[in-house]
Amino acid sequence: MAITCCNTNAQMKKRTTGTANRETDFGKSILHAFVQHDVDAFTALYPTNAEYKTILQAGLAAKAEGLTQQKIDEMLTKRNTEAAAAYAALFKQYQAMADSVGVKWSDALFEKFDFNAVYPVPVKLKYLEATIWFRCGKRHYAIDGIQAVEIAAGYRLQGITNILQVDDGD
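Cut-offs applied
- Residues numbered from 1 in each chain as written.
- Predicted model: local features only at pLDDT ≥ 70, side-chain atom pairs only at ≥ 80, totals over all residues.
- Heavy atoms only, no water.
- Axes fitted to C-alpha atoms, helices over the stretch in contact; angles between N-to-C directions.
- Helix = DSSP H or I, 4+ residues; strand = E, 2+ residues; numbered from the N terminus.
- Parallel < 35°, antiparallel > 145°, perpendicular 65-115°, else oblique.
- Left-handed = near helix turned anticlockwise from the far one by under 90°.
- Contact = heavy atoms within 4.5 Å.
- Salt bridge = Lys/Arg side-chain N within 4 Å of Asp/Glu carboxyl O.
- Buried < 20%, exposed > 50% of the residue type's maximum accessible area, 1.4 Å probe, protein only.
- Pairing = 2+ DSSP bridges.
- Phe/Tyr/Trp six-rings, centres within 6.5 Å; stacked < 30°, edge-to-face > 60°.
- Lys NZ or Arg CZ within 6 Å of the ring centre and 35° of its normal.
- Core = buried A, V, L, I, M, F, W, Y, C linked by side-chain atoms within 4.5 Å.

## Focus: the packing of helix 3 (residues 49–61) against helix 4 (residues 69–100)
With their axes 11 Å apart at the nearest point, helix 3 and helix 4 run at an angle of 160 degrees to one another. Taken together, the axis directions place helix 3 and helix 4 in an arrangement best described as roughly antiparallel. Note that helix 3 runs across helix 4; the crossing there is right-handed. Residues N49, Y52, K53, L56, Q57 and L60 of helix 3 form the contact with helix 4, whose own contacting residues are Q69, I72, M75, L76, R79 and N80.

## Regarding the pattern of salt bridges
Within this structure, the stated rule accounts for five salt bridges. We note a salt bridge from E23 to K126, for which the minimum N-O separation is 2.9 Å. Of this pair, E23 sits in helix 1 (residues 21–35) while K126 sits in the loop between strand 2 (108–120) and strand 3 (127–136), and the two are 103 residues apart along the sequence. In this structure, E23 and K126 share a single accessibility class: buried. Of the charged contacts, one joins R156 and E51 as a salt bridge, the two residues approaching to 2.9 Å between their closest N and O atoms. Remark: E51 occurs in helix 3 and R156 occurs in strand 5 (residues 154–159); sequence separation between them is 105 residues.

## So, the pairing of strand 2
Within a regular beta strand, the side chains point alternately toward one face of the sheet and then the other, so they alternate between its two faces. In this structure, strand 2 lies alongside strand 3, joined through ten bridges in antiparallel fashion. Bridging across to strand 3, A117 finds its partner in L128. Counting the residues in the hairpin turn of strand 2 and strand 3 gives six residues.

## Considerations on the packing of aromatic side chains
Tallied over the full model, the rule gives 13 aromatic pairs. The interplanar angle of 70 degrees and the centroid separation of 5.5 Å between the aromatic rings of F42 and Y46 together place this pair among those described as edge-to-face. Of the two residues, F42 and Y46, neither departs from the other in class, the shared state being buried. The rings of F34, F42, Y46, Y87, F91, Y94, W105, F134 and Y141 are connected pair by pair, giving a single aromatic cluster. Over the face of the ring belonging to Y52 we find R79, whose NZ or CZ atom lies 4.7 Å from the ring centre.

## A short note on the nonpolar core
In this structure, F34, F42, W105, F134 and I143 are the most contacted members of the largest nonpolar core, which totals 32 residues. Residue assignment for this core shows that the elements contributing at least two residues are helix 1, helix 4, strand 2, strand 3, strand 4 (139–151) and strand 5. What I143 contacts, discounting residues up to four positions off in sequence, is L31, F34, W105, A130, T131, I132, F134, I160, N162 and I163. I55, V118, V123 and Y127 belong to the second-largest nonpolar core, a separate cluster that totals eight residues.

Printed below as a string of structure tokens:
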């Protein structure tokens, strides 16, 4: 359910890298949903229908390529009927990804949330590209390729690329 508002990374202007509290709290909430095996908490990380409409309208106002009011209406109609099931399916896929690399969620401990704040041209929204680093015992893992958008209510998840083991602790 992620939206594309830019053609290339060259159109995106990176402003900061860091671990501010609001961003770190968002990262911890992602990890918490996985640790608790809570599909509802995971789904709540994504934009509501109203928030999704606001994000799309920002793209339309910025004249994002290929985005029209008709396209927005079609996307919203589809989202209204499919989003919850799609997010639940993603949660299961991510859980399976984690299982395949040996993540034991009951032992997971947050280490840090690395991010780049990105301000796509011409859309006037702040996006995050991020990674959550965590460990289970001596093994270190990452939830990588996190994409999120900032709205008035906070950050909303757009997608995750991968959950991987980064070392075996030796």
